[in-house]
Structure formats: structure tokens, C-alpha cells
Amino acid sequence: MIITVTLNPALDKTARIDRLRPNALNRLENVIVDAGGKGLNVSSVIQALGGRSIAIGFAGGAPGDELLDRISGRGLEHDFVRISNPTRTNLKLIDRDGSLTELNEPGPEVSGAEFRLFEEKLLSYAAEDSIFVLSGSLPAGLGPDTYRNMCRMLHGRNAKIFLDTDGEAFRLAMEERPNYIKPNRYELLQYFGIDDGESLGEAELLSLCRRLLAKGPELVCLSLGRIGALFVHARGAFRAAALNVKTGSTVGAGDAMTGALAWGIEHNFPQERCYALAMAAAAGAVSTEGTKAPDRILVEKLLEQVRLEKLTSQAAS
Ligand SMILES: Nc1ncnc2c1ncn2[C@@H]1O[C@H](COP(=O)(O)OP(=O)(O)OP(=O)(O)O)[C@@H](O)[C@H]1O
Ligand SMILES: [Mg+2]
């Protein structure tokens, strides 16, 4: 069973605007509301591939009710802890030339008692064959060690952990040796405190991935946006170029990758099939609008285009 964790979900409000003007009244058009959160994106991709997951996290107030209604409407299984403070609402403004401005709330304060309820729920799903996907930001009041503590508890029950987060939360959670990680270039460089890494080539990136691998994960998937991805594990490494697709929205491409990898790993697919699925699902997510998950037929079609190249042991070491 895959359990996706979304500690700080949001009602995402996306609106069109002619031109964003500061210090002026801006009128919004075509306001669309949807349930947002990286764990929820992961659950949607797993569902699109024909799999099953349970989404857990925190939901509060009227926005929390609406969030859960919308997740149910999408046919996703969920089991959120209800909290007294309201779930946040995030505003995304797309102006006429397509540029995106995001206004994100920090998220609700979660009380100690509410967090303990969540921990009980988390542990109730933990078993040897469960994979927990921990992704996204933390709500106010939860410290950066939250994912690390969750990793420790879950590993205590022999569950597997797929971590996809950034900054201090990523750095601390790495101490508990998550099983699978999917940083992007920015997150990788931030982890190693490299400020000027824009020009780093593949050999250097690969060597940073191997340093991450040495800290415990079985798999490091480094996503590199339009360039593609590197998949690095103890026995070798693969490179895959990004597929050539018409861009709808790149938001959530990384979540699609995480979801497809988690699903493939759950099914014990051979590693190369897992990586190919990840590339096809990510390309599918890029070619669909917003964070909408690509459908399975599209992913199957894109799979035919994926080319994985095994990197020589010299390049990979
Ligand atoms: N413009 C693009 N064209 C084709 N494929 C892309 C493009 N952008 C991303 N991808 C695919 O999606 C994968 C994940 O993208 P990216 O590295 O941007 O993830 P991310 O930064 O974690 O994204 P997010 O966290 O917003 O979901 C890439 O490895 C690549 O295969
Ligand atoms: Mg990401």
C-alpha cells in the first residue's frame, strides 16, 4: 500500500488576469478552485496508472471540507486528520502573456494534540509492505525535523519511505536514511550548500548523487527539468533525456515522477521499467494543463519514446 502524506495541502485558486498591476485594483476572471498539495498530486498519478494509494494529512475549517470533497470527487482514497485551524488557500494568477504569479499562505497552526492524532494514524498504516511518500512543505508550528521524526517512526515499523522535499526538512530527514529520494537540481545543490552550481555538468551532478546515496537511500532520482533525469543506485546509474512534448504546465512534473516511481517500486517492477515509467509520467504531466495527472493511455504511448542509457561504471563512480 502507498500512503501519500500532505501535511500542508491547499485549496488552489487559479485565476486569469489581464495584467497584474501593483497598487491598483486587479479584477480576476475564470476563477477555478482545485485541491492542491504535492502528496495529492502523487496520489493522482498513482490512480491514473491504475494503482491505489491513501492520502493523509491535515484538513481544517470550511476550506478543509471543500478540499476533502474535491479529493473524494476525484475518486482518491483519503484519511485526513481534522484540525481546528482552516486549511490554506493559495492564489495563482496567470496573466495574458502566460506569466504566473503565486501568492501562497503559510498554512494553519497544528496543535500538539492534533499532531499526535496524526502520528497514530501514520503508524496505523505502517507495515513492511507499505511505502510512505513524504512530500511538500510543512505547515506553521511544525518544525523542520518533522519529516525526520516521521522517518524514524516509520522505519521502526519497517515501512519504506520516499522523500521529496527541500531545505532543512530534507537535510534533517536524510539523517534517517529514507529509501528513495527525488531532489531536483536546486534541492541537490542546496543540500550540499553549493551556491553557484548552475554550470555543473553531468559528471559533477552524478558525483553529488553518489554522495547522497552514500548517506543511505537505495535510489537517488535527480530530476533536471527539460534536460531529463539521472537515476543512481548502488549498482549503477542511468541517464534519461526528457521527452519531447508540447508544454501544458511543468508544475507537478516532479510529483508525477515520484508517483510513478513509488508505484513501480511497489509492484517490484525491474528498475529500468520504474525509471521509464517515471520519465513517461513526468512528460505526461508536462503535456497536460495545471497539475492534472496524465491518463494511463498517454503514459503508455510516451513510454515508447523513453531512452535509458546506462552510464559506464567509470562515469558512475
Ligand atoms: N519542459 C519540460 N519538457 C519535458 N519534460 C520535462 C520538462 N520539465 C520537466 N520535465 C520532466 O519532468 C521531470 C521532473 O521535472 P523537474 O525536474 O522540473 O521536477 P521538480 O522541480 O521536482 O518539479 P515539481 O516539484 O514542481 O513537481 C524531469 O526530469 C523531466 O523528465
Ligand atoms: Mg519537486
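Remember, it's a predicted structure, so these values are computed and weren't measured experimentally.

1. A word on the side chain of Ser-135
Logical step 1: Structurally, the position occupied by Ser-135 is in strand β9 (residues 131-135).
Logical step 2: The class for Ser-135 is buried, based on a relative accessible area of 2%.

2. Topic: the pairing of strand β7 (residues 88-95)
Residues in a regular strand point their side chains to alternate faces of the sheet.
Logical step 1: With six of its eight residues buried, β7 lies for the most part within the structure.
Logical step 2: Examined bridge by bridge, β7 and strand β8 (residues 100-103) share four bridges and lie antiparallel to one another. Note on β8: the bridge partner recorded for Lys-92 is Glu-102.
Logical step 3: Counted along the chain from β7 to the antiparallel partner β8, the turn is four residues long, and its residue Gly-98 has a positive phi close to 90°.

3. Topic: the layout of surface pockets
Logical step 1: The computed volume of the second largest pocket comes to approximately 370 Å³.
Logical step 2: Looking at the second largest pocket, it is lined by 18 residues, and the ones nearest its centre are Tyr-180, Glu-218, Ile-265, Asn-268 and Phe-269.
Logical step 3: Contributions of two or more residues to the lining of the second largest pocket are made by α8 (253-266) and α9 (271-287).
Logical step 4: When grouped by side-chain class, the residues that make up the lining of the second largest pocket number ten nonpolar, three polar and five charged.
Logical step 5: For the lining of the second largest pocket, the two domains that each supply at least three residues are domain 1 (1-18 + 30-177) and domain 2 (179-317).

4. Some words on α9
Logical step 1: The terminal C-alpha atoms of α9 lie 25 Å apart, and with 17 residues this matches the ideal 24 Å at 1.5 Å per residue to within 8%.
Logical step 2: Taken across its 17 residues, α9 has 13 buried, putting it largely inside the fold.

5. A few points about empty space enclosed by the protein
Logical step 1: Taken as a whole and judged by the stated rule, the model has two cavities of 30 Å³ or more.
Logical step 2: Asn-41, Val-45, Val-251, Gly-252, Ala-256, Ala-285, Gly-290, Thr-291, Lys-292 and Ala-293 together form the lining of the largest cavity.
Logical step 3: Tallied by class, residues from the lining of the largest cavity come to five nonpolar, four polar and one charged.
Logical step 4: Along its surface, the second largest cavity is lined by Leu-49, Trp-263, Arg-273, Leu-277, Arg-296, Val-299, Glu-300 and Leu-303.
Logical step 5: The set of elements that each furnish at least two residues to the lining of the second largest cavity consists of α9 and α10 (296-303).
Logical step 6: Per-element accounting of the lining of the second largest cavity gives the leading share, four residues, to α10.
Logical step 7: Here the lining of the second largest cavity is composed, by residue class, of five nonpolar, no polar and three charged.

6. A few points about the environment of Ala-260
Logical step 1: Here Ala-260 is to be found in helix α8.
Logical step 2: Here Ala-260 falls in the buried class, since its relative accessible area comes to 0%.
Logical step 3: In this structure, the C-alpha to C-alpha distance between Ala-260 and Ser-72, residues 188 residues apart in sequence, is 21 Å.

7. Structural notes on helix α7 (residues 202-213)
Logical step 1: Between its first and last C-alpha, α7 extends 16 Å over twelve residues, near the 16 Å set by a 1.5 Å rise per residue.
Logical step 2: The set of residues buried in α7 consists of Leu-205, Leu-206, Leu-208, Cys-209, Leu-212 and Leu-213. In an axial view of α7, the angular spread of the buried residues amounts to 160°, which keeps them on one side of the axis.

8. A few points about the side chain of Ser-53
Logical step 1: Counting through the fold element by element, Ser-53 comes out in strand β4 (residues 53-60).
Logical step 2: Among the polar contacts listed, one links the side chain of Ser-53 to the side chain of Ser-43, at a separation of 2.8 Å.
Logical step 3: Leaving out residues up to four positions away in the same chain, Ser-53 has contacts with Met-1, Ile-2, Thr-4, Ser-43, Ile-46 and Glu-77.

What counts and how
Residues numbered from 1 in each chain as written. Chains lettered and ligands numbered in written order. Predicted model: local features only at pLDDT ≥ 70, side-chain atom pairs only at ≥ 80, totals over all residues. Heavy atoms only, no water. Helix = DSSP H or I, 4+ residues; strand = E, 2+ residues; numbered from the N terminus. Buried < 20%, exposed > 50% of the residue type's maximum accessible area, 1.4 Å probe, protein only. Pairing = 2+ DSSP bridges. 1 Å grid on protein atoms, 1.4 Å probe; cavity = no way out; pocket = protein on both sides within 12 Å on 5 of 7 lines; lining within 4 Å. Points joined across faces, edges and corners; volume = space filled by probe spheres on them. Nonpolar A, V, L, I, M, F, W, Y, C, P; charged D, E, K, R; others polar. Domains from an automatic or database assignment. Expected span 1.5 Å × (residues − 1). Arc of directions from axis to C-beta. Polar contact = N/O pair within 3.5 Å; in protein donor to acceptor, adjacent residues only side chain to side chain. Contact = heavy atoms within 4.5 Å.

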